[in-house]
Amino acid sequence: MPERSPYESEGVIAGTGAGGVTDLAASEARSLEPSPGGPGDTPRGLWADAWHDLRRNPVFIVSALVILFLAVISIWPSLIASGSPLKCDLAHAQQGSGPGHPFGYDGQGCDVYTRVVHGARTSVTVGVLATLGVALLGSVLGGLAGFFGGIWDAVLSRVTDVFFAIPVVLGGLVLLSVVTSNTVWPVIGFMVLLGWPQVSRIARGSVITAKQNDYVQAARALGASNSRLLLRHIAPNAVAPVIVVSTIALGTYISLEATLSYLGVGLKPPTVSWGIDISAASPYIRNAPHMLLWPAGALAITVLAFIMLGDAVRDALDPKLR
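None of the values given here were measured: they were computed from a predicted structure. (Residues numbered from 1 in each chain as written. Predicted model: local features only at pLDDT ≥ 70, side-chain atom pairs only at ≥ 80, totals over all residues. Heavy atoms only, no water.)

(A) Fine view of the overall build of the protein chain. Secondary structure summary: the protein chain contains twelve helices and two strands in total. Counting from the amino terminus, helix and strand elements in the protein chain follow one another as β-β-α-α-α-α-α-α-α-α-α-α-α-α. A sequence separation of at least 24 residues applies to 65% of the contacts in the protein chain between residues at least 6 apart. Accessible area for the protein chain stands at about 18200 Å²; split by element, carbon and sulfur atoms hold 65% of it. (Helix = DSSP H or I, 4+ residues; strand = E, 2+ residues; numbered from the N terminus. Contact = heavy atoms within 4.5 Å. Areas by Shrake-Rupley, 256 points an atom, 1.4 Å probe, with all protein chains shown as cover.)

(B) Region of the structure containing the nonpolar core. Counting 31 residues, the largest nonpolar core has Val116, Ile254, Trp274, Leu299 and Leu317 as the members making the most contacts within it. Counting only elements with at least two residues in this core, the list comes to helix H2 (46-54), helix H3 (58-75), helix H4 (112-148), helix H10 (240-262), helix H11 (274-281) and helix H12 (290-317). When residues of this core are assigned to their parent elements, the largest contribution, twelve residues, is made by H12. Apart from residues no more than four positions distant in its own chain, Ile254 is found in contact with Ser123, Val124, Gly127, Leu299, Thr302, Val303 and Phe306. Within the second largest apolar cluster, 25 residues are counted, among which are Val199, Val242, Leu256 and Leu260. (Core = buried A, V, L, I, M, F, W, Y, C linked by side-chain atoms within 4.5 Å. Buried < 20%, exposed > 50% of the residue type's maximum accessible area, 1.4 Å probe, protein only.)

(C) The arrangement of a nonpolar patch on the surface in detail. Together, Leu136, Leu137, Val140, Leu141, Leu144, Phe148, Ile151, Trp152, Val155 and Val159 make up an exposed nonpolar region whose accessible area comes to about 930 Å². Contributions of two or more residues to the nonpolar patch are made by H4 and helix H5 (150-164). Looking at the nonpolar patch, the element that brings in the most residues is H4, giving six residues. Of note, Val155 is situated in helix H5. Residue classification places Val155 among the partly exposed positions, given a relative accessible area of 42%. (Patch = residues over 30% accessible without salt bridge, like charges linked within 9 Å, V, L, I, M, F, W, Y side chains within 5 Å. Salt bridge = Lys/Arg side-chain N within 4 Å of Asp/Glu carboxyl O.)

(D) Spotlight on H4. Between its first and last C-alpha atoms H4 spans 53 Å; for 37 residues at 1.5 Å apiece the expected length is 54 Å, and the two agree. Of the residues trailing H4, Gly149 is marked for its positive phi of about 65°. (Expected span 1.5 Å × (residues − 1).)

(E) Local environment of the environment of Thr183. By the secondary structure assignment, Thr183 is in the loop between helix H6 (168-176) and helix H7 (185-210). With 85 residues separating them in the primary sequence, Thr183 and Lys268 have C-alpha atoms 8.2 Å apart.

(F) Structural view of the environment of Val116. Within the secondary structure, Val116 sits in helix H4. C-alpha of Val116 to C-alpha of Val272: the two residues are 156 residues apart in sequence and 8.4 Å apart in space. The residues contacting Val116, other than those within four sequence positions of it, are Phe103, Trp274, Trp294, Pro295 and Ala298.

(G) Molecular detail of the packing of H3 against H4. Where H3 contacts H4, the axes come no closer than 8 Å and their chain directions differ by 105°. The orientation of H3 with respect to H4, classified from their angle, is roughly perpendicular. Where H3 abuts H4, its residues Ile73, Ser74 and Ile75 lie against Val117, Ala120, Arg121 and Val124. Considering only residue class, the contact of H3 with H4 consists of five nonpolar, one polar and one charged. (Axes fitted to C-alpha atoms, helices over the stretch in contact; angles between N-to-C directions. Parallel < 35°, antiparallel > 145°, perpendicular 65-115°, else oblique. Nonpolar A, V, L, I, M, F, W, Y, C, P; charged D, E, K, R; others polar.)

(H) Up close: the confidence of the model for the protein chain. Residues at a pLDDT of 70 or more form 84% of the protein chain, whose mean pLDDT is 83. Segment residues 4-40: pLDDT under 50, and 29 contacts once partners within four positions in sequence are set aside and those in other chains are kept. (pLDDT = per-residue confidence, 0-100.)

(I) A look at the state of the cysteines. Evaluated as defined, the whole model comprises one disulfide. The disulfide partner of Cys88 is Cys110, and the S-S distance across this bridge is 1.6 Å. Judged by the torsion about the S-S bond (65°), the Cys88/Cys110 disulfide is right-handed. Taken together, the residues span a long stretch of sequence, with Cys88 in the loop between H3 and H4 and Cys110 in the loop between H3 and H4 at a distance of 22 residues. (Disulfide = S-S within 2.5 Å.)

(J) Quick look at the side chain of Glu257. Examined against the element boundaries, Glu257 turns out to sit in helix H10. For the buried Glu257, which has no salt bridge, the nearest side chain bearing the opposite charge is Lys268, at an N-O separation of 10 Å. A polar atom in the side chain of Glu257 sits 2.8 Å from the side chain of Ser273. Residue contacts for Glu257: discarding those within four places in its chain leaves Ser123, Val126, Val187, Met191, Leu267 and Ser273. (Lys, Arg positive; Asp, Glu negative; His and termini not counted. Polar contact = N/O pair within 3.5 Å; in protein donor to acceptor, adjacent residues only side chain to side chain.)

(K) Quick peek at the packing of aromatic side chains. Per the counting criterion, the structure on display carries five aromatic pairs. Consider the rings of Phe103 and Tyr113, whose centres lie 5.2 Å apart with planes at 80°: the pair is edge-to-face. A residue pair is termed long-range when its members are at least 10 positions apart, and Phe103 in the loop between H3 and H4 and Tyr113 in helix H4 qualify at ten residues. A residue is classified by how much of its surface remains accessible, and Phe103, at 15% relative accessible area, is buried. The partly exposed category is assigned to Tyr113, whose relative accessible area is 22%. Centre to centre, the rings of Phe163 and Trp196 are 5.5 Å apart; their planes meet at 65°, and the pair counts as edge-to-face. One end of the pair, Phe163, is in helix H5; the other, Trp196, is in helix H7, with 33 residues separating them in the sequence. (Phe/Tyr/Trp six-rings, centres within 6.5 Å; stacked < 30°, edge-to-face > 60°.)

What follows is the structure in structure tokens.
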């Protein structure tokens, strides 16, 4: 048998997949090794996998940038609008855009640009706080009902049926018409009151599904308490649908606040709100359309950004779409 030259590639033996073997060169054998990111790597969890998908989703990137910009101007509106939204001059009422006032003036002579920028704070604050309240209350009630079942589950189901039968706008007209406060808290409280049943049902169904998994049954057999089962085993695996629904609902609550303010039962002057400005500008839409278009456009972009963000998060967290 001829001897192998020291300059020849070293051969290796590899399985053919059909019970035999074949002789491969070393350069070919290296291709059989797991590559980074391939099957040889440790698999990612749900949240890591979702973040991996979100970073490559242009819808998520665009919506996240818009929401980040809204968050910044909500906290520091003076960064891009140094004037006061309550400083008005009737001599400039309904005038169009001019130097230093790109959006023109409203019916009271206030700078529309400044009011649009400062109105973001109110709308985003109401939407975020209402979403947090709805998510917290709905998750707790729905999660407990789904975990314990029995009479508590039956009672919660009937209570949610009652709340679902109440039209949101009509309920706002009835409940908020008797409120005289000029703060955002009555509006937030109303949204939490009528918004928690939807999240509650989603949390209930998610907990019922999660508690039937084998790892939960194994933890129960090992003597884990109910609180440990809920907080350590069920909640982390049942919270994804709640996050998705809450993200989409945030834009809905911003739109609902504007609707109630437009109807005169939500926020009231001197609070700066897009809904208030839209209501004040609607009678002058033919003579001064800029008064309506700018706050309405800001509202539409904000709601669309949160809905797009919720859709991207849903696609990333839904295993059926993978």
